[in-house]
Amino acid sequence: MPHYTGPLLTLPTATALLRARKAGADAWQGSLDLGRSEGTATLHADHWDWKGASYPYPGKIKDRTIYYWDGEDFSTVSTYTQALIKLVPTEWGAPTFEIDGIKMLPTSKESPVDDARRKVALIAPKGKTVLDTCGGLGYFAACCLDAGVARIQSFEKNDDVLWLRTLNPWSPDPDASHGKLQLTHGDVSQAITQLASASFDALLHDPPRFGIAGELYAQAFYNELARVLRPGGRMFHYTGSPNKLTSDRDVPREVAKRLEKAGFRAELALDGVLAVKR
């Protein structure tokens, strides 16, 4: 799907826009793409203009919510099929997303893009062919593109998450990547069996938590990851840092043991496991 190019409103931006009109200003300058850029909106009594299009002033805007222009009104960037999936603004500009109220990306201490950049740096993607197993909002892919990756093949199972990507200006657009980003709507646990052996130089594995997607932590899947990775290739596997005081499981160490069995050398790194194919 093509990426959305209209304005995105949050409570702070909508409030600033309305205050400028109330103050009698004829223009407001700020960001209408979640901090990616700044521009100028021309203000009129009953509407405002931005990038050659006219929009009505927004009604009630909720906190922790992003709104996009659906052609008739400003609607929330959220959808419900089997779960409520919502794009959520952060103080860093780049948004996170939630599934049934559970935040999918860390944002308490830094931008989710900066967090992704530190993890991507562990696999040194420049000039490499990378497999991104669970694409999410595409921040791993964006950081790989920024670092000069040769090609990144990304899978995302959830079509609602793919829709969020088209509305998120921080998500990379495959059509604008000059063929370097190949984004597939599919379940990587099944699709991986069709990928050629030793066809990737590096891997990024950022699965949902174990209780949601246990198949992505299974020995059989790790064996497949080892098969498609070239010898010496690096993988970063996000696990999170579950509280061992409230759980009798040590997921990062369990993951490291399974990866060792699959043919990797593994060590704990950041909030996951860094592994090298033997």
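Residues numbered from 1 in each chain as written. Predicted model: local features only at pLDDT ≥ 70, side-chain atom pairs only at ≥ 80, totals over all residues. Heavy atoms only, no water.

Caption draft 1: Fine view of the overall build of the chain. On a plain count of helices and strands, the chain comes out with seven helices and 18 strands. For a compact globule of 278 residues, the expected C-alpha radius of gyration is about 19 Å, and the chain comes in at 21 Å, within 12% of that figure. Taken along the three principal axes of its C-alpha coordinates, the chain extends 65 × 45 × 30 Å. Here the chain, with 278 residues, has 48% of them falling under the buried criterion. Sequence separation of at least 24 residues holds for 58% of the intrachain contacts in the chain that already meet a minimum separation of 6. A total of about 13600 Å² of accessible surface is found on the chain, and carbon and sulfur atoms cover 50% of it. The averaged location of the 33 negative side-chain charges in the chain is 8 Å from the averaged location of its 33 positive side-chain charges. (Helix = DSSP H or I, 4+ residues; strand = E, 2+ residues; numbered from the N terminus. Rg over C-alpha atoms; globule rule 2.2 N^0.38 Å. Buried < 20%, exposed > 50% of the residue type's maximum accessible area, 1.4 Å probe, protein only. Contact = heavy atoms within 4.5 Å. Areas by Shrake-Rupley, 256 points an atom, 1.4 Å probe, with all protein chains shown as cover. Lys, Arg positive; Asp, Glu negative; His and termini not counted. Charge placed at Lys NZ, Arg CZ, Asp CG, Glu CD.)

Caption draft 2: Highlighting the pairing of strand E12 (residues 129-132). Covered by surrounding structure in E12 are Thr 129 and Leu 131 together with Val 130 and Asp 132, the residues of both alternating faces. Bridge count between E12 and strand E13 (residues 151-156): four bridges; the pairing is parallel. Residue Val 130 lies in a different strand from E13, and its bridge partner there is Ile 152. By the bridge criterion, three bridges tie E12 to strand E15 (residues 200-205) in an arrangement that is parallel. When the bridges of E15 are listed, Leu 131 appears paired with Leu 203. (Pairing = 2+ DSSP bridges.)

Caption draft 3: Up close: the packing of aromatic side chains. Across all of its chains, the model carries eight aromatic pairs by this definition. On the numbers, 5.8 Å between centres and 90° between planes, the contact of Tyr 4 with Tyr 68 is edge-to-face. In this pair, Tyr 4 sits in the segment before strand E1 (8-9) while Tyr 68 sits in strand E6 (residues 67-69), placing the two residues 64 residues apart along the sequence. Here the aromatic rings of Trp 48 and Tyr 55 are separated by 5.1 Å at their centres, their planes lie at 35°, and the arrangement is tilted. Here Trp 48 matches Tyr 55 in class, with each residue buried. (Phe/Tyr/Trp six-rings, centres within 6.5 Å; stacked < 30°, edge-to-face > 60°.)

Caption draft 4: Structural view of the packing of helix H2 (residues 112-121) against helix H3 (residues 139-146). The interhelical angle for the contact between H2 and H3, taken along N-to-C directions, is 65°, at an axis separation of 9 Å. At the point where H2 passes H3, the crossing takes the right-handed sense. Each of Pro 112, Val 113, Ala 116, Arg 117, Lys 119 and Val 120 in H2 lies in contact with H3, whose residues at this interface are Tyr 139, Phe 140, Cys 143, Cys 144 and Asp 146. Grouping the amino acids of the contact of H2 with H3 by side-chain chemistry returns eight nonpolar, no polar and three charged. (Axes fitted to C-alpha atoms, helices over the stretch in contact; angles between N-to-C directions. Left-handed = near helix turned anticlockwise from the far one by under 90°. Nonpolar A, V, L, I, M, F, W, Y, C, P; charged D, E, K, R; others polar.)

Caption draft 5: Spatial organisation of the pattern of salt bridges. The final tally for this structure, using the stated rule, is twelve salt bridges. Close ionic contact of Arg 230 with Asp 201 constitutes a salt bridge, the shortest N to O distance being 2.4 Å. Of the two residues, Arg 230 is situated in strand E16 (residues 229-238) and Asp 201 in strand E15; the sequence distance between them amounts to 29 residues. Relative accessible area serves as the criterion here: at 32%, Arg 230 is assigned to the partly exposed category. Residue Arg 253 pairs with Asp 250 through a salt bridge whose shortest N-O separation is 3.6 Å. Relative accessible area serves as the criterion here: at 49%, Arg 253 is assigned to the partly exposed category. Members of the salt-bridge network, linked through shared partners, are Glu 110, Asp 115, Arg 118, Lys 119 and Asp 271. (Salt bridge = Lys/Arg side-chain N within 4 Å of Asp/Glu carboxyl O.)

Caption draft 6: Summary view of the nonpolar core. Ranked by internal contacts, the top residues of the largest apolar core, which has 31 residues, are Phe 97, Val 130, Tyr 139 and Leu 204. Elements with a minimum of two residues in this core: strand E9 (84-88), H2, H3, helix H4 (159-167) and E15. Among the elements that line this core, the one with the most residues is H3, at five residues. Both domain 1 (8-76) and domain 2 (112-277) contribute no fewer than three residues apiece to this core. With residues near it in sequence (within four places) discarded, Phe 97 still touches Ile 85, Lys 86, Leu 87, Val 88, Ile 102, Lys 103, Met 104, Leu 105, Leu 137, Val 161 and Leu 164. (Core = buried A, V, L, I, M, F, W, Y, C linked by side-chain atoms within 4.5 Å. Domains from an automatic or database assignment.)

Caption draft 7: Structural detail: the environment of Arg 117. Locating Arg 117 in the fold gives a position in helix H2. Among the residues examined, Arg 117 registers a relative accessible area of 38% and is labelled partly exposed. Discounting residues that sit within four places of it in the chain, Arg 117 has contacts with Cys 143 and Asp 146.

Caption draft 8: How the structure looks around the sheet that holds strand E8 (residues 78-80). An order of E8-E9-E10-E11 is seen for the four strands of this open sheet, with the pairing classed as antiparallel. Because the sheet does not close on itself, it has two edges, and the strands there are E8 and strand E11 (102-103). For E9 and strand E10 (residues 96-99), the ladder comprises four bridges, and the chain directions are antiparallel. Bridging across to E10, Lys 86 finds its partner in Glu 98.

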